[in-house]
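Inside the fold
Spelled out from the first residue to the last, the chains are:
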Amino acid sequence: MRPEETASDLRWMEEALKEAGEAGKAGEVPVGAVIVRGHEILSRGRNRVEALRDPSAHAEILAIRSASSALGYQRLSECTLYVTLEPCAMCAGAIVLARLDRLVFGATDPKSGACGSLMNIVQDGRLNHRVPTAQGVRGPECGALLKTFFGRLRTQ
């Protein structure tokens, strides 16, 4: 276990990995997310861009919508988002607007990651909320799902 990987983080990322696996089985880019409040999962999300024909149907967005609906409030200030891939700019913006307490992600995304790779929206001091972030939690497993998925696409 790496220093930034707590037992709790590993446990919840396992749940996000399950969601990512289901997304991959459905032909979606295998990204999964869970939002945890206290010691329980408040919501789950997986990429559904293809199924919904909606470019905003990323795992993070769907999990945030579901959690907000479950709480009856748009602020998720007592919650942590676990996601298998570094969020893009759209998702990072939603994370800030939702006032999540913490973000934990697995694989970095050098092409469109907006939480440290290309930019860092969730830590931008010009915004009115910053989200503490842990990256690389179960990163090799998260990255392997994506590599396998895109490898299969290339061979088809």
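Just above, that's the structure.
These numbers were taken from a predicted model, which means no experiment stands behind them.

**A look at the pairing of strand S4 (residues 102–107)**
Extensive coverage of S4 is indicated by the burial of five of its six residues. In the sheet, strand S3 (residues 79–85) pairs with S4 via five bridges, with the strands oriented parallel. By the bridge assignment for S4, Leu85 is matched with Ala107. You can see the chain leave S3, run along helix H4 (residues 89–97) and come back into S4, and the turn it takes is right-handed.

**Description of helix H5 (residues 139–155)**
Counted at 1.5 Å a residue, the expected span for H5 with its 17 residues is 24 Å, and the 24 Å between its end C-alpha atoms agrees. Of all the positions in H5, only Gly139, Cys142, Gly143, Leu146 and Phe149 are classed as buried. Down the axis of H5, the sector holding all buried residues measures 125°, keeping them to one side. In H5, those exposed residues whose orientation departs by more than 90 degrees from the buried face are Pro140, Lys147 and Thr155. Contacts made by the buried residues of H5 are with helix H1 (7–25), S3 and S4.

**Regarding the sheet that holds S3**
Consider a sheet: its strands pair through backbone hydrogen bonds, and that pairing is either parallel or antiparallel. Within the open sheet, the five strands sit side by side as S2-S1-S3-S4-S5. Their pairing is mixed. Among the strands making up the open sheet, the edge pair consists of strand S2 (40–46) and strand S5 (133–135). Across this sheet, the average inter-strand angle for adjacent strands is 15°, counted without regard to direction.

**Let's talk about the environment of Ser43**
Tracing the backbone shows Ser43 in strand S2. With relative accessibility at 3%, the residue Ser43 sits in the buried group. Distance from Ser43 to Ala63, taken between C-alpha atoms, is 5.5 Å for residues 20 residues apart in sequence. Those residues in contact with Ser43 that sit more than four places away from it in its chain are Ala33, Val34, Ile35, Ala63, Ser66 and Ala67. Looking at Ser43, its side chain comes within polar contact range of the main-chain oxygen of Ala63, at 2.7 Å.

Rules and cut-offs
Residues numbered from 1 in each chain as written. Predicted model: local features only at pLDDT ≥ 70, side-chain atom pairs only at ≥ 80, totals over all residues. Heavy atoms only, no water. Buried < 20%, exposed > 50% of the residue type's maximum accessible area, 1.4 Å probe, protein only. Helix = DSSP H or I, 4+ residues; strand = E, 2+ residues; numbered from the N terminus. Pairing = 2+ DSSP bridges. Right-handed = clockwise from strand over helix to strand, strands pointing away. Expected span 1.5 Å × (residues − 1). Arc of directions from axis to C-beta. Contact = heavy atoms within 4.5 Å. Axes fitted to C-alpha atoms, helices over the stretch in contact; angles between N-to-C directions. Polar contact = N/O pair within 3.5 Å; in protein donor to acceptor, adjacent residues only side chain to side chain.

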